[in-house]
Amino acid sequence: MEVLVAVPLPQTFTYHWPFEQAPRFGQRVVVPWGRQKRIGLVYGPCQVSALPEGMDSASLKSVEQVLDDGHLLDGAWRQLIEFAARYYHHPLGLIALEALPKALRVLNARGEEPVMVTKAQAHAEKRLLAHQQAAGVNAKCPEKDGPSPPTVANPPTLTAEQQAAVQACSVAAGFTPLLLYGVTGSGKTEVYLHAVEERLKRGEQVLVLLPEINLTPAAQALYETRLAPHRVVVLHSNLAELQRTKHWFEAATGAADVLIATRLGVLTPMPRLGMVIVDEEHDPSYKQQDGMRYQARDLALMLGKQRGVPVVLGSATPSLESWQKAEEGQYKRLTLTQRAVTGASLPKVELINTANFPAKEGLSWPAMQALVSTFEAGKQSIVFLNRRGYSPQLVCGGCGWVSNCEHCTAHMVWHKSERNLRCHHCGAAQRVPVQCPCCGNQDLTGFGRGTQRIEETLAGLLPKATVLRIDADSTRNKGQMEALLDEAHSGRADVLVGTQMIAKGHDFANVNLVLALNVDASLFSHAYRAPERLFAQLMQVAGRAGRRGGEATMLVQTRYPQHPLFEALKAHDYERFANHEMQARREARMPPFSYQATIRADHRTLGNCLAFLKTARELGDPLIQPDEPVFICDPVPLTVVRVGGVERAQMLIESESRPALHRFLSAWLPLLYEHAGSVRWFLEVDPVEL
Ligand code: ADP
Ligand code: ZN
Ligand code: ZN
């Protein structure tokens, strides 16, 4: 019998099945693994021919214990994880087990299944029973019966554009990709709610993906209120383990009707799935950056295709991949051109040329004036700066010493609030030195500005204002993020300073001014996706202003006000930007007009990384079919070459044909497993950080 085990190897493992009852795919079992025990998943009958040489079935180790009957991990789920394993060329065992909550895949210290599994399962079964009874009662008129909602929800009357979009979502049958392209504040959420409601009436489940954990509390509250008495559960990595396990069981048994989740939720089995929604589909957070480097939006589309259900992708700034598909007619485009709230319009965008108005402590005087007058008018401002900490580096004025990280080719960032220097790459931290470690000079200064420093400047500029900082540091502890967002939404905070965390999705009522700082580095970045990202971020952060009407403004400080990206931003013209960018990508044969993968190699010495990649290339070249061109580029060290004492290099593989690229990878990768030696390597399909 073949068992999937969570190890970084591409094969399944053969065990003897000592039980009378026939095994079934997806059953969780305990198997001996070296001197330990592990949880595995039954995969299928063993191919005797596949047994390692010199082994017969009598010498096989036996499965020790069967933990469940496997019915939750059904054929549909199997299809999706098998696709993911094939497409991302990632070990199936890792994908399958890592898709489950930890309690279902890791034995406790005593080598037993954690008790919370039974608890969570019982909880879900009770809910499922209640659900089935309610469905029985409501069979004739599902939308009327059941307990009344906890709070009186007051849904707005849909605009004509929203109505048309809802209509299109409702009539969609079978796999239908829909691109809901709606400007910020156009009421996409309202469209989702109506579309979801429609599905729930038919007794179906809906999966709603959001890019950030911090968007889930507001979404959950809204969906629960509006869709009561239907059961809404959330899944994300910040949930307590028991909670996560319970919610997983509720989704997997069908006890829950709506699952709101971050990217990891896409691999949750949902037996009654009727629709998938991917909100802010352009968001880079849908890309997992370690382990299986998958793109949850793409998996959501595959899920929709396999299950034959509509997939709604929503955004004001769609990814160029999705935009291209809509242009080609592969996705049906639904457009919302206006803000939903009467009288609300998009903010006026103005550029502040820092050549004419030099910044003092990061702020030019027109920016300061705008902040002051917004505060005096009783409105909120957002200051957007994509860099956390106080200063990106600490330097010595005497000898030129710089706070470099010992383990990485990167500076340690000065975190004044936490009184330490921190490496954002490896996480190393140390106290701020009182004097220069090199020359003893006590005059150490911060070079450059992060959110903490701007927060300090703003506090000086607006001493009476409440300034809140929202970034990965200020929201690290449990509950901090909810508390900060609560302050922000309540209007008690006057100025919000933060990273892209505050740019996304939030429906702030009282923000009238957005100030974007430090955008120039991205204008001239080597990364080919940098303009797309910057444009989306600026459009999104602009979108937080003026959502309830009134004149709102966005100010951008830049040395390059002539840059074409700003022309499109000023006009709120995503399409102009997209067309311009698409033309450039087409000419350069970049995605979405070509397909890419990278091989990354990690080792203590860069030489070994490069040597491995060179060997890999030599092994790969003969496998390339003349009629299926695939290009293997030169191996190169990463820009930040050393992280945590490990050197990194990578090699890009490109093709204009996706099938050709994948055929090549399938033939090539098995050879790499054999030649890696002590080099750690991995493949990334559709890489984004290039
Ligand atoms: P988006 O996600 O498109 O940026 P939201 O869904 O957050 O926009 O909606 C923005 C605001 O508009 C919300 O406060 C929402 O309640 C409100 N809204 C949505 N639809 C309507 C409508 N038809 N009439 C009035 N207000 C609406
Ligand atoms: Zn010094
Ligand atoms: Zn480091």
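In this report, the structure presented in the accompanying data block is examined. (Residues numbered from 1 in each chain as written. Chains lettered and ligands numbered in written order. Predicted model: local features only at pLDDT ≥ 70, side-chain atom pairs only at ≥ 80, totals over all residues. Heavy atoms only, no water.)

Further remarks concern the pattern of salt bridges. Between side chains of opposite charge, a pair can form as their charged atoms come close. Under the definition given, this model contains 43 salt bridges. With a shortest N-O distance of 3.5 Å, arginine 199 and glutamate 204 are connected by a salt bridge. A salt bridge links aspartate 257 to arginine 272, with the shortest nitrogen-to-oxygen separation between them at 3.1 Å. You can see aspartate 257 sitting in the loop between helix H8 (241–253) and strand E9 (258–261) and its partner arginine 272 sitting in the loop between E9 and strand E10 (273–278), a full 15 residues away along the chain. On the basis of relative accessible area, aspartate 257 is assigned to the buried category, the value being 3%. (Salt bridge = Lys/Arg side-chain N within 4 Å of Asp/Glu carboxyl O. Helix = DSSP H or I, 4+ residues; strand = E, 2+ residues; numbered from the N terminus. Buried < 20%, exposed > 50% of the residue type's maximum accessible area, 1.4 Å probe, protein only.)

What follows is about the coordination of the zinc ion (ligand 2). Distances from the zinc ion (ligand 2) to its protein donors, namely Cys396 (SG), Cys399 (SG), Cys436 (SG) and Cys439 (SG), fall within the range 2.3 to 2.4 Å. Here the zinc ion (ligand 2) is ringed by four donor atoms whose angles at the metal span 104 to 115°, and the overall shape comes out tetrahedral. Between consecutive donors of the zinc ion (ligand 2), the numbers of intervening residues give the motif C-x2-C-x36-C-x2-C. With cysteine 399 in the loop between strand E15 (393–396) and strand E16 (413–415) and cysteine 439 in the loop between strand E18 (429–431) and strand E19 (444–447), this residue pair connects regions lying 40 residues apart in the sequence. (Donors = N, O, S within 2.8 Å, 3.2 Å for Na, K, Ca; no water. Tetrahedral: all angles 85-135°; square planar, octahedral: opposite > 155°, others 65-115°.)

Among the six residues that make up E10, six are buried, leaving the element largely enclosed by the rest of the structure. In this structure, strand E7 (residues 205–209) lies alongside E10, joined through five bridges in parallel fashion. Paired with valine 208 across the strands is isoleucine 277, a residue of E10. As defined by bridge partners, E10 adjoins strand E11 (residues 311–315) across three bridges and the pair is classed as parallel. (Pairing = 2+ DSSP bridges.)

Those protein atoms acting as donors to the zinc ion (ligand 3) are Cys405 (SG), Cys408 (SG), Cys423 (SG) and Cys426 (SG), and they sit at 2.2 to 2.3 Å. Its four donor atoms give the zinc ion (ligand 3) angles of 105 to 112° at the centre, a pattern that matches the tetrahedral case. Of note, the zinc ion (ligand 3) draws all its donor residues from one chain, in the sequence arrangement C-x2-C-x14-C-x2-C. For cysteine 423, a relative accessible area of 3% gives the class buried.

Turning our attention to helix H10 (residues 320–327). Helical geometry: 3.6 residues make up each α-helical turn, so side chains three or four residues apart lie on a common side. With six of eight residues buried, H10 lies mostly within the body of the structure. Considering only its buried residues, H10 is in contact with strand E6 (177–182), helix H9 (296–307), E11, strand E12 (332–336), helix H15 (530–542) and helix H17 (574–587). Two residues or fewer past H10, glycine 329 is found with a positive phi of approximately 85°. (Contact = heavy atoms within 4.5 Å.)

Side-chain direction in a regular strand flips from residue to residue, so the side chains alternate between the two faces of the sheet. Within strand E28 (residues 680–685), five of the six residues are buried, which leaves the element mostly enclosed by the surrounding structure. The pairing of strand E24 (residues 595–603) with E28 spans six bridges and is classified as antiparallel. Within the sheet, the bridge partner assigned to alanine 597 lies in E28 and is valine 685.

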